[in-house]
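Descriptive analysis of the structure
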Amino acid sequence: RAGQVERIATGTNDFNPEHVNLGISPLTLRISRGQNAERIIAARRRNYLQLLEILGPLSPPLFDALPAGVCPLFYPLLSRNKQPMLQGLWAAGIEAVDFWRDHHPACDRCAFPETMQLRERIVEIPCHQDIDPDTLQRMAAVVVDLLQQVERPESAPVALVA
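Given the structure is predicted, the values throughout are model-derived calculations rather than measurements.

Notes on the layout of surface pockets
Reported here for the largest pocket is a volume of approximately 200 Å³. Residue lining of the largest pocket: ten residues in total, with Ala-9, Asp-14, Phe-15, Asn-16 and His-19 positioned closest to the centre. In the lining of the largest pocket, the residues fall into four nonpolar, five polar and one charged.

So, the packing of helix H3 (residues 82-91) against helix H5 (residues 133-150)
Closest axis-to-axis distance for the H3/H5 pair is 10 Å, and the angle between their directions is 145°. Seen along the crossing, H3 lies across H5 with a hand that is right-handed. Residue-level inspection shows Pro-84, Met-85, Gly-88 and Leu-89 of H3 in contact with H5, the latter providing Val-142, Val-143, Leu-146, Leu-147 and Val-150. Here the residues of the contact of H3 with H5 are counted per class, giving eight nonpolar, one polar and no charged.

Focus: the pattern of salt bridges
A complete count under the given rule lists two salt bridges for this structure. For the salt bridge of Arg-80 with Glu-151, the shortest nitrogen-to-oxygen distance reads 3.4 Å. Within this pair, whereas Arg-80 is found in the loop between strand S1 (74-78) and H3, its partner Glu-151 is found in the segment after H5, the two being separated by 71 residues in sequence. By relative accessible area, Arg-80 is classed as partly exposed at 24%. Judged by its relative accessible area of 8%, Glu-151 falls in the buried class. Its salt-bridge partner being Lys-82, residue Asp-98 comes within 2.5 Å of it at the nearest N-O pair. Linking Asp-98 in strand S2 (residues 97-98) with Lys-82 in helix H3, this pair joins segments that are 16 residues apart in sequence. The two residues Asp-98 and Lys-82 agree in class, both being buried.

Quick look at H5
For H5, with 18 residues, the first-to-last C-alpha span of 25 Å sits near the 26 Å given by 1.5 Å per residue. Along H5, the residues that are buried comprise Leu-136, Met-139, Ala-140, Val-143, Val-144, Leu-146, Leu-147 and Val-150. Down the axis of H5, the buried set is contained in an arc of 165°. They therefore lie on one face. Turned more than 90 degrees from where H5 packs its buried face, Asp-134, Arg-138, Gln-148 and Gln-149 sit exposed. Along its buried surface, H5 packs onto helix H2 (37-55), S1, H3 and strand S3 (122-126).

Cut-offs and rules
Residues numbered from 1 in each chain as written. Predicted model: local features only at pLDDT ≥ 70, side-chain atom pairs only at ≥ 80, totals over all residues. Heavy atoms only, no water. 1 Å grid on protein atoms, 1.4 Å probe; cavity = no way out; pocket = protein on both sides within 12 Å on 5 of 7 lines; lining within 4 Å. Points joined across faces, edges and corners; volume = space filled by probe spheres on them. Nonpolar A, V, L, I, M, F, W, Y, C, P; charged D, E, K, R; others polar. Axes fitted to C-alpha atoms, helices over the stretch in contact; angles between N-to-C directions. Helix = DSSP H or I, 4+ residues; strand = E, 2+ residues; numbered from the N terminus. Left-handed = near helix turned anticlockwise from the far one by under 90°. Contact = heavy atoms within 4.5 Å. Salt bridge = Lys/Arg side-chain N within 4 Å of Asp/Glu carboxyl O. Buried < 20%, exposed > 50% of the residue type's maximum accessible area, 1.4 Å probe, protein only. Expected span 1.5 Å × (residues − 1). Arc of directions from axis to C-beta.

Okay, structure coming up:
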């Protein structure tokens with residue numbers, strides 16, 4: 001408030017035409033220009049692929065490969081029991097995210113069953129560039145343990161609507 005800055009919320013379902021021309025702040029621009037994009041991309045890819053190698057055999061991967069040039073934001077873990085999985089991850093200090101949970105109220109849930117399944121089952125497992133290989137191994141061990149505790153092994157694998 002002292003800087004007379006108006007906070008503009010992001011991540012909402014609302015569109016305000018008055019905000020179309022808003023841009024990045026000078027400080028954020030300076031910070032972003034100081035980043036090593038090649039190193040960030042390489043680290044994220046390394047972390048994603050390591051998670052895929054460890055978790056893929058235990059939980060069917062949403063994607064079984066990482067195409068060239070893709071810089072992943074997170075590893076999409078399919079969970080049959082999303083809330084207990086998230087609770088366990090958070091309790092272990094892993095900043096997992098409830099992926100794309102909310103839908104737009106004007107969208108008919110029944111019209112897009114595959115989308116609804118993804119909303120109900122995907123847990124974002126962090127794979128960002130600041131996670132070193134040792135930390136990633138510890139995180140993966142927690143996820144493996146939770147998969148064994150939380151998922152129902154007698155259930156059929158998660159299948160998305162065709």
